[in-house]
Amino acid sequence: KRNILVIFADDITSAGGTCVFLYNMLSHMNCKKFCIHIYAPGKLVSEQMANEFIKLGAVIYTGGWEEGKPVREIVWNDLEYLTGLHRYDVIHANTSKVWINYFTCHFGVKNNIPKRIVHSHNALLPRIKPEVQKQDDIYREYILKNATDFLACSQKAARWLFGTQFRNYTILKNGIDIERYKYSKDIRIRYRNELGI
């Protein structure tokens, strides 16, 4: 089995975009071929969603969350612990935050993880403070040199994280299970009856 660490930026929620995206991907994979660890800093907002991941065979870590402690410090410490404890073949940042993509590359390089995947889910996050912009630019430069695979959910998301000149990325759209939305005459009749239409 290949050991994979997937890193979220947020809590495990029942309807959050990255959570649903990851669940859709994993539910259509043969998870028996992989040992999947999901790191989501913070508290489990949705036990139901966490249980769905567990049913697929994933292990969930929420880390050493402490109210009032800086989030970046928490994530740094958690990733240092996880990547030191387990031998991962793949580390994958599934997030819209530049700094988490940077942390992914840093710990991937430090622990000789062969596949270091960065994944942009964002296109419009504003950067108001110049010091944040400057830091993000330094992080981006490191990401472009040290990631092995570059994913984005759209062209805009790719440009946002990788810059306008970089072309070595793959667009991986936020897929949905179309069977769930397929037309059904029975469901149509049932809802029309319930709503009195």
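Since the structure is predicted, the reported quantities are computational estimates derived from the model, not experimental observations.

Caption draft 1: Region of the structure containing the overall build of the protein chain. Across its full length, the protein chain carries seven helices and seven strands. Of the regular secondary structure in the protein chain, the N- to C-terminal order runs β-α-β-α-β-α-β-α-β-α-β-α-β-α. Considering only contacts within the protein chain whose residues lie at least 6 apart along the sequence, 70% involve residues at least 24 apart. Here the protein chain displays about 11600 Å² of accessible surface, and carbon together with sulfur accounts for 54% of that area. Between the mean site of the 28 positive side-chain charges and the mean site of the 19 negative ones, the protein chain shows a separation of 8 Å.

Caption draft 2: Up close: the pattern of salt bridges. Taken as a whole, this structure holds eight salt bridges when the rule is applied. Across the pair Glu-73 and Lys-69 runs a salt bridge whose closest N-O atoms are separated by 3.9 Å.

Caption draft 3: Summary view of the packing of aromatic side chains. Tallying each qualifying case throughout the model produces eleven aromatic pairs. On the basis of an interplanar angle of 75° and a centroid distance of 6.0 Å, the ring pair of Tyr-23 and Phe-53 is categorised as edge-to-face. One end of the pair, Tyr-23, is in helix α1 (residues 17-26); the other, Phe-53, is in helix α2 (residues 47-55), and 30 residues separate them in sequence. With 5.1 Å between their ring centres and 70° between their planes, Tyr-102 and Tyr-142 make a pair best called edge-to-face. On the criterion of sequence distance, the pair formed by Tyr-102 in helix α4 (residues 98-110) and Tyr-142 in helix α5 (residues 130-146) is long-range, its members being 40 residues apart. Given a relative accessible area of 24%, Tyr-142 falls into the partly exposed group. Following the ring pairs from residue to residue traces out a cluster consisting of Trp-76, Trp-99, Tyr-102, Phe-103, Phe-107, Tyr-139 and Tyr-142. Between the NZ or CZ atom of Arg-140 and the centre of the ring of Trp-160, over which it lies, the distance is 5.5 Å.

Caption draft 4: Representation of the nonpolar core in the model. Counting 32 residues, the largest nonpolar core has Leu-5, Tyr-39, Leu-79, Ile-143, Phe-150 and Phe-162 as the members making the most contacts within it. Of all the secondary structure elements, the ones that give two or more residues to this core are β1 (2-7), α3 (71-85), β4 (90-95), α4, α5, β6 (149-152) and α6 (155-162). Element by element, the count of residues in this core is highest for α4, at seven residues. With sequence-adjacent residues up to four places away left out, Leu-5 is seen in contact with His-37, Tyr-39, Leu-79, Leu-82, Thr-83, Tyr-88, Val-90, Ile-91 and His-92. Counting residues in hydrophobic clusters, the runner-up holds 16 residues, among them Val-6, Leu-26, Cys-31 and Met-49.

Caption draft 5: Layout of the side chain of Asn-111. With respect to the helices, strands and loops of the structure, Asn-111 is situated in the loop between α4 and β5 (115-120). Among the polar contacts made by the side chain of Asn-111, one reaches the side chain of Thr-83 at a distance of 3.0 Å. From its side chain, Asn-111 meets the backbone oxygen of Phe-107 in a polar contact 2.9 Å long. Those residues in contact with Asn-111 that sit more than four places away from it in its chain are Thr-83, Gly-84 and Arg-87.

Conventions used here
- Residues numbered from 1 in each chain as written.
- Predicted model: local features only at pLDDT ≥ 70, side-chain atom pairs only at ≥ 80, totals over all residues.
- Heavy atoms only, no water.
- Helix = DSSP H or I, 4+ residues; strand = E, 2+ residues; numbered from the N terminus.
- Contact = heavy atoms within 4.5 Å.
- Areas by Shrake-Rupley, 256 points an atom, 1.4 Å probe, with all protein chains shown as cover.
- Lys, Arg positive; Asp, Glu negative; His and termini not counted.
- Charge placed at Lys NZ, Arg CZ, Asp CG, Glu CD.
- Salt bridge = Lys/Arg side-chain N within 4 Å of Asp/Glu carboxyl O.
- Phe/Tyr/Trp six-rings, centres within 6.5 Å; stacked < 30°, edge-to-face > 60°.
- Buried < 20%, exposed > 50% of the residue type's maximum accessible area, 1.4 Å probe, protein only.
- Lys NZ or Arg CZ within 6 Å of the ring centre and 35° of its normal.
- Core = buried A, V, L, I, M, F, W, Y, C linked by side-chain atoms within 4.5 Å.
- Polar contact = N/O pair within 3.5 Å; in protein donor to acceptor, adjacent residues only side chain to side chain.

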